[in-house]
Amino acid sequence: MKAAIFDLDGTLLDTLDDLWDAVNHTMDAHGFPRRTRDEVRAFVGNGVERLIELSLGIPDAQNHPDFAGIVADYRAYYAANSEHKTAPYPGVTDLIRRLLADGIAVSVVSNKPHGATVALCAKYFPDVTMVCGEREAEGIRRKPWPDTVFKAVDDLGLTPADCVYIGDSEVDILTAKNAGMDCISVLWGFRDEDELREAGGTTFVRTSEELYRAITE
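Remember, predicted model here, so these are calculated numbers, not experimental data.

Got a sec to walk through the environment of A116? Specific residues and values, please.
Looking at where A116 falls in the secondary structure, it is placed in helix α6 (residues 114-124). With a relative accessible area of 12%, A116 lands in the buried category. Taking C-alpha positions, A116 is 7.8 Å from G133, a pair spaced 17 residues apart along the chain.

Mind laying out the sheet that holds strand β5 (residues 130-134), listing which residues take part and the relevant values?
Reading across the sheet, the 6 strands line up as β5-β4-β1-β6-β7-β8 and stay open at both edges, with parallel pairing between neighbours. The open sheet is flanked by β5 and β8 (204-205), the only strands paired with a single partner. Sheet topology note: the strand β1 (residues 3-6)/strand β4 (residues 105-113) ladder contains 4 bridges and is parallel. Across the sheet, residue A4 finds its bridge partner in β4, namely V106.

Mind laying out the pairing of β4, listing which residues take part and the relevant values?
Burial within β4 is extensive, with 8 of its 9 residues counted as buried. The pairing of β4 with β5 spans 4 bridges and is classified as parallel. Bridge pairing in β5 links S107 to M130. Since β4 and β5 lie parallel, the crossover through α6 that links them has a hand, and here it is right-handed.

Give a description of the nonpolar core that names residues and reports values.
Formed by 49 residues in total, the largest nonpolar core has its most connected members in F6, Y74, L99, F125, I166, L211 and I215. In this structure I215 touches M1, A4, F6, L99, I104, V164, I166 and I184, once residues within four positions along its chain are discounted. If you look at the next biggest cluster of nonpolar residues, it comprises 19 residues, including I140, A152, L196 and F204.

Account for the packing of helix α3 (residues 48-56) against helix α4 (residues 67-80), naming residues and giving values.
Two elements in contact, α3 and α4, have axes whose closest approach is 10 Å; the angle formed by their N-to-C orientations is 110°. Here α4 runs roughly perpendicular to α3, going by the angle between their axes. Helix-helix and strand crossings are classified by hand; for α3 and α4 the assignment is right-handed. Each of V48, E49, L51, I52, E53 and L56 in α3 lies in contact with α4, whose residues at this interface are F67, I70, V71, Y74 and R75. Per-class residue counts for the contact of α3 with α4 are 8 nonpolar, no polar and 3 charged.

Rules used in this analysis
- Residues numbered from 1 in each chain as written.
- Predicted model: local features only at pLDDT ≥ 70, side-chain atom pairs only at ≥ 80, totals over all residues.
- Heavy atoms only, no water.
- Helix = DSSP H or I, 4+ residues; strand = E, 2+ residues; numbered from the N terminus.
- Buried < 20%, exposed > 50% of the residue type's maximum accessible area, 1.4 Å probe, protein only.
- Pairing = 2+ DSSP bridges.
- Right-handed = clockwise from strand over helix to strand, strands pointing away.
- Core = buried A, V, L, I, M, F, W, Y, C linked by side-chain atoms within 4.5 Å.
- Contact = heavy atoms within 4.5 Å.
- Axes fitted to C-alpha atoms, helices over the stretch in contact; angles between N-to-C directions.
- Parallel < 35°, antiparallel > 145°, perpendicular 65-115°, else oblique.
- Left-handed = near helix turned anticlockwise from the far one by under 90°.
- Nonpolar A, V, L, I, M, F, W, Y, C, P; charged D, E, K, R; others polar.

Here it is, written out as structure tokens:
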């Protein structure tokens, strides 16, 4: 294996509490009911617009006259407040260092806005320079379309067969399938094992050491 391509939220970084705070700040600002932590945990993974659509909890939310403004307010708030409670999951910083020391390339792809993805990776994983967040305005479709993964593969100068994809959700499992890659699902993220099995997951790890062995062996 020449490269490991990682999801970010729920895989490398525990971002849930900052996402939860941003959702409820946005709901408060626009007069919608607050969401629980478990609700936001279930809502994340399909990009900002889907997160806000589910959080609003109203029929045909994307056609609400203020939808674009609500999304913009969320983006602005989260961009300014994305690091208060966020932290790497145990062992993942050392995992990335070990992979790079072994000569295995590392890239990160995310449905989080590209700017936030780059900023968080620069802070917590500065040795990872191949990073691709949500860039649909540039024609790079968000996961589960394989576009961000293919961008990462191209940037690394490799082929999909050279890479393994690591994530924590049903979106990641489908993304890997669409990209023609094997997928490793971590069990410390935003979905439980039953959900991941139902989505077609086949390889599961519970610790960073298990993940290291799954990638390298």
